[in-house]
Amino acid sequence: MKPLLNFDQVSVRYGSFLALDGVSLDIQEGECLALVGESGSGKTTLARAALGLQPISAGEVRLMGQAIQGTRGGQAAEIGIVWQDPYASLDPRWTIGRIIEEPGVLAKVEVDVRALMEEVGLDPSLHSRFPHQLSGGQRQRVAIARAIALKPKVLICDEPTAALDLSVQAQILNLLKDLLRMEQLTCLYISHDLATVRYIADRVAVLKSGRLVESGPIQKVFEDPQESYTRELLSSAPRLLI
Ligand SMILES: Nc1ncnc2c1ncn2[C@@H]1O[C@H](COP(=O)(O)OP(=O)(O)OP(=O)(O)O)[C@@H](O)[C@H]1O
Ligand SMILES: [Mg+2]
């Protein structure tokens, strides 16, 4: 089967530092692949490479067989992104409605802000509010609405619940899980939180210092990790909430 998103020997350098070292990874249509690894292992760098935000020094990222080059063109509409921190990722000067509408403005297509708000569990009457008037969970819902506004094929989530209160994390996780199914999205789900990963993802890939050390179906990797690094990650997992 041809992968929807394909990282082919991707390397990224920051100056002399090699942040990603020949990472090859396929994400099949409709699956949710979790990317785990300790802080600094290169997870966000990989997400940025997929979005065309990060120049890569070797290899290629392909979406439906087409190399990703920069953020312009049709590809930007095909990949939605939800970042960790909804405080930082939403422009404080814009209303909620304007924020959700923005991808449509850039792509010159009509976006149904009201329907999107309903889809992510936000009361549409909040559209004229500003981000600081919303709770952390509501803000992350705004970020999710914006990410799916153009009906992307792929949704990348980079620690989407990490900045939220514990009580809100499960709500956002459930919302994402429902959206993946309803919108038939393909997902790259980045997280430290292995309990979350187990709940939402089909497969998991383990990154260590910019290299992929192990990947496979969730259950297999969690129950029978082949690499000592994966075993350490699993044994240091602080909690299994779900
Ligand atoms: N713009 C940059 N310039 C220089 N080094 C960077 C830059 N961005 C990231 N790095 C370095 O590259 C490595 C990978 O960073 P990255 O943000 O991808 O890690 P991460 O796995 O997302 O970590 P975290 O779990 O803390 O979010 C780190 O060592 C980081 O310090
Ligand atoms: Mg990161």
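Quantities reported herein were computed from a predicted structural model and do not represent experimental measurements.

Looking at ligand 1, the residues that line it are Tyr14, Phe17, Ala19, Gly37, Ser39, Gly40, Ser41, Gly42, Lys43, Thr44 and Thr45. At the level of elements, β2 (17-27) and α1 (43-50) are the ones that each hand at least two residues to the shell around ligand 1. Per element, the largest residue contribution to the shell around ligand 1 is three residues, and it comes from α1. Residues that form the shell around ligand 1 fall into these classes: three nonpolar, seven polar and one charged.

With 68 residues, the main nonpolar core has Leu33, Ala50, Ile100, Ala145, Leu188 and Tyr189 as its most contacted residues. Here this core takes six residues from helix α6 (residues 136-148), the largest share from any one element. Those residues in contact with tyrosine 189 that sit more than four places away from it in its chain are Cys32, Leu33, Ala34, Cys157, Val197, Ile200 and Ala201.

This next bit is on the sheet that holds strand β6 (residues 79-82). With mixed pairing, six strands are arranged side by side in an open sheet as β6-β7-β8-β3-β9-β10. Two strands lie at the open edges of the sheet, namely β6 and β10 (211-217), each paired on one side alone. On average, each strand axis in the sheet is tilted by 15° relative to the strand beside it, whichever way the strands run. Note that β6 and strand β7 (residues 154-158) share four bridges and pair parallel. From the neighbouring strand, glycine 80 faces β7, where its bridge partner is leucine 155.

Attention now moves to the packing of α6 against helix α7 (residues 166-182). Closest axis-to-axis distance for the α6/α7 pair is 10 Å, and the angle between their directions is 15°. Classified by the angle between their axes, α6 and α7 sit roughly parallel to one another. Classified by chirality, the crossing of α7 by α6 is right-handed. In this structure, α6 uses Gly136, Gly137, Gln140, Arg141, Ile144 and Ile148 to contact α7, whose residues at the interface are Val168, Gln171, Ile172, Leu175 and Leu179. In terms of residue class, the contact of α6 with α7 is built from six nonpolar, four polar and one charged.

Cut-offs applied
Residues numbered from 1 in each chain as written. Chains lettered and ligands numbered in written order. Predicted model: local features only at pLDDT ≥ 70, side-chain atom pairs only at ≥ 80, totals over all residues. Near = placed C-beta within 6 Å. Helix = DSSP H or I, 4+ residues; strand = E, 2+ residues; numbered from the N terminus. Nonpolar A, V, L, I, M, F, W, Y, C, P; charged D, E, K, R; others polar. Core = buried A, V, L, I, M, F, W, Y, C linked by C-beta atoms within 7 Å. Buried ≥ 20, exposed ≤ 12 C-beta atoms within 10 Å, placed from the backbone. Contact = placed C-beta atoms within 7 Å. Pairing = 2+ DSSP bridges. Axes fitted to C-alpha atoms, helices over the stretch in contact; angles between N-to-C directions. Parallel < 35°, antiparallel > 145°, perpendicular 65-115°, else oblique. Left-handed = near helix turned anticlockwise from the far one by under 90°.

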